[in-house]
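# Descriptive structure summary
Each chain, letter by letter, is given below.
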Amino acid sequence: MRAATFDGATSRVSIETLPIPRPGPDDLLIKVRRCGVCGTDVAMTSDGPFKFGSGQFGHEYSGEVIEVGRNVRTHVVGDRIAALPVIGCGRCRGCREGNPLLCRNQATGMFGFGEYAVIPPKVAIRLPDSLSFADGALVEPMACGLHAMRLARVEPGARVLVMGAGSMALAAIYWARQLGAGRIVVLSRSAHRRDLAMSMGADAVVGFDPDARARLSEMFGGESPDIVADCVGKPGMIALAADHVRPGGTILEVGMCMTPEPIVPARFTFGEIRLLFPMGYTTEEFTATARAFDAGRLHPESMVSDVITLEDLPVRLETLRKSAGGNLKVHVDLTRRAS
């Protein structure tokens, strides 16, 4: 099979030919169809503190069950699934609370940039019949938004400011609206994403400019937002969020800044500001996101800006490393080959 692998020693991503993995009696063999490219993939394959060792990667993926282990009773051949990217131990606190991404004994399920994957049934979430494989590969990033907004305890009528207009920002906008937020305003440098942000539930989009503070105050009726979600993930964004949030409000650091972020703790103390760092989602939230897609309340295909082949991935990662450019969500179609 074709698979993208990362060599930690050389920091090189290569497309290799590997044996098709064989499922054990308690496993599923998945034919992978789609996998999204995440900012985490860029960080994990770059020189820096979050660089991982070596091996396969890709964690926003969907596919089809093509073989079922003899002990499996929960899935059948032909099931269309979206995969959770980690395999929890089932015993630790993170697993008991339903969030395997917080498992301290987890095994990887990040096989999305390969044509086949062997995973246990518990991480293979069935897709409703109405969803495409492209939809399935968007469940993972959208579920992150649900978890973040639940963690922030969005109340009916809450004023929400979302900083950024990338895929994580769109997830935050959508779930803030679904959970009952009142006014949702987006602060973004990407004017061309205004219509998409509005379609996800935003009320207005404001640019990062000297007049932003006054315009935001006007849009929130002279009040400050209750919740500020930083989805940019660059140094200085947390401090900027603290400048905007109301006293007693909540800041969500969703952008996963990968470099040191200077903040003054007293600034948060004086405002009694909560600063939260959401991590992933629970299994229930992952499933709830797929159900939301099925209900027709969300049309996730608008989030995909580009579809590439597996052979295109190494060059695209290098491009993303240098500049995010105009891409929103890039998908790798594992059924296609480079011409």
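Before reading on, note that the structure itself is shown above.
Thresholds applied
- Residues numbered from 1 in each chain as written.
- Predicted model: local features only at pLDDT ≥ 70, side-chain atom pairs only at ≥ 80, totals over all residues.
- Heavy atoms only, no water.
- Helix = DSSP H or I, 4+ residues; strand = E, 2+ residues; numbered from the N terminus.
- Rg over C-alpha atoms; globule rule 2.2 N^0.38 Å.
- Buried < 20%, exposed > 50% of the residue type's maximum accessible area, 1.4 Å probe, protein only.
- Contact = heavy atoms within 4.5 Å.
- Areas by Shrake-Rupley, 256 points an atom, 1.4 Å probe, with all protein chains shown as cover.
- Lys, Arg positive; Asp, Glu negative; His and termini not counted.
- Charge placed at Lys NZ, Arg CZ, Asp CG, Glu CD.
- Axes fitted to C-alpha atoms, helices over the stretch in contact; angles between N-to-C directions.
- Parallel < 35°, antiparallel > 145°, perpendicular 65-115°, else oblique.
- Left-handed = near helix turned anticlockwise from the far one by under 90°.
- Pairing = 2+ DSSP bridges.
- Phe/Tyr/Trp six-rings, centres within 6.5 Å; stacked < 30°, edge-to-face > 60°.
- Disulfide = S-S within 2.5 Å.

Take the overall build of the protein next. Within the protein, the regular secondary structure consists of 11 helices and 18 strands. A compact globule built from 339 residues should have a C-alpha radius of gyration of about 20 Å, and the protein, at 20 Å, falls within 12% of that. Seen through its C-alpha atoms, the protein measures out along the principal axes to roughly 60 × 40 × 35 Å. Relative to its full complement of 339 residues, the protein shows a buried share of 53%. Of the contacts formed within the protein by residues at least 6 apart in sequence, a portion of 71% connects residues at least 24 apart. Counting only carbon and sulfur atoms, one obtains 52% of the accessible surface of the protein, whose full area is about 15,000 Å². One finds the centroid of the 38 positive side-chain charges in the protein at a distance of 2 Å from the centroid of its 37 negative side-chain charges.

Another point: the packing of helix H4 (residues 139-151) against helix H5 (residues 167-178). Close contact between H4 and H5 brings their axes to 8 Å; oriented N to C, the two are set at 50°. Regarding the angle of H4 to H5, the classification is oblique. Every pair of crossing elements has a handedness; the one defined by H4 and H5 is right-handed. On H5, the residues touching Pro141, Met142, Cys144, Gly145, Leu146 and Met149 of H4 are Met168, Ala171, Ala172, Tyr174, Trp175 and Ala176.

For residues besides glycine, phi is generally negative; the peptide bonds are generally trans as well. For methionine 256, which is not a glycine, the phi torsion comes out positive at approximately 50°. Among the structural elements, methionine 256 can be located in the loop between strand S15 (250-253) and helix H9 (265-271). The exposure class of methionine 256 is partly exposed, given its relative accessible area of 43%.

Bringing the environment of proline 314 into the picture now. Secondary-structure assignment places proline 314 in helix H11 (residues 313-322). When its relative accessible area of 21% is taken as the criterion, proline 314 is described as partly exposed. Residues proline 314 and alanine 4, spaced 310 residues apart in sequence, show a C-alpha to C-alpha distance of 8.2 Å. Once residues lying within four places of it in the same chain are set aside, the contact partners of proline 314 are Val13 and Ile15.

With that settled, consider the pairing of strand S1 (residues 2-7). Of all six residues making up S1, five are buried, and the element is well covered by its neighbours. As consecutive antiparallel partners, S1 and strand S2 (residues 12-17) are separated by four residues, and within that stretch serine 11 has a phi angle of approximately 55°, a positive value. As defined by bridge partners, S1 adjoins strand S4 (residues 55-56) across two bridges and the pair is classed as antiparallel. Within S4, the residue paired with threonine 5 across the bridge is glutamine 56.

Attention shifts here to the packing of aromatic side chains. In total, this model carries three aromatic pairs according to the counting rule given. Seen in terms of ring centroids, tyrosine 174 and tryptophan 175 are 4.9 Å apart; in terms of plane orientation they differ by 75°. Their pairing is edge-to-face. Judged on exposure class, the residue tyrosine 174 and its partner tryptophan 175 are both buried. Taking 5.5 Å as the distance between ring centres and 50° as the angle between the ring planes, the aromatic pair formed by tyrosine 281 and phenylalanine 286 counts as tilted.

A separate point is the sheet that holds strand S11 (residues 160-163). In space, the six strands of this open sheet follow the order S13-S12-S11-S14-S15-S16, with parallel pairing throughout. What marks the edges here is a single partner per strand, and that holds for strand S13 (204-206) and strand S16 (274-276). Neighbour-to-neighbour, the strand axes of the sheet open up by a mean angle of 20°, direction not taken into account. Contacting S11, strand S12 (184-187) and S13, helix H7 (residues 212-219) crosses the sheet at an angle of about 165° to S13.

We now examine the state of the cysteines. Scanning the entire structure with this criterion turns up zero disulfides. The cysteine cysteine 35 is free of any disulfide, with cysteine 38 supplying the nearest cysteine sulfur at 9.6 Å. The cysteine cysteine 92 is free of any disulfide, with cysteine 103 supplying the nearest cysteine sulfur at 3.7 Å. Given a relative accessible area of 16%, cysteine 92 falls into the buried group.

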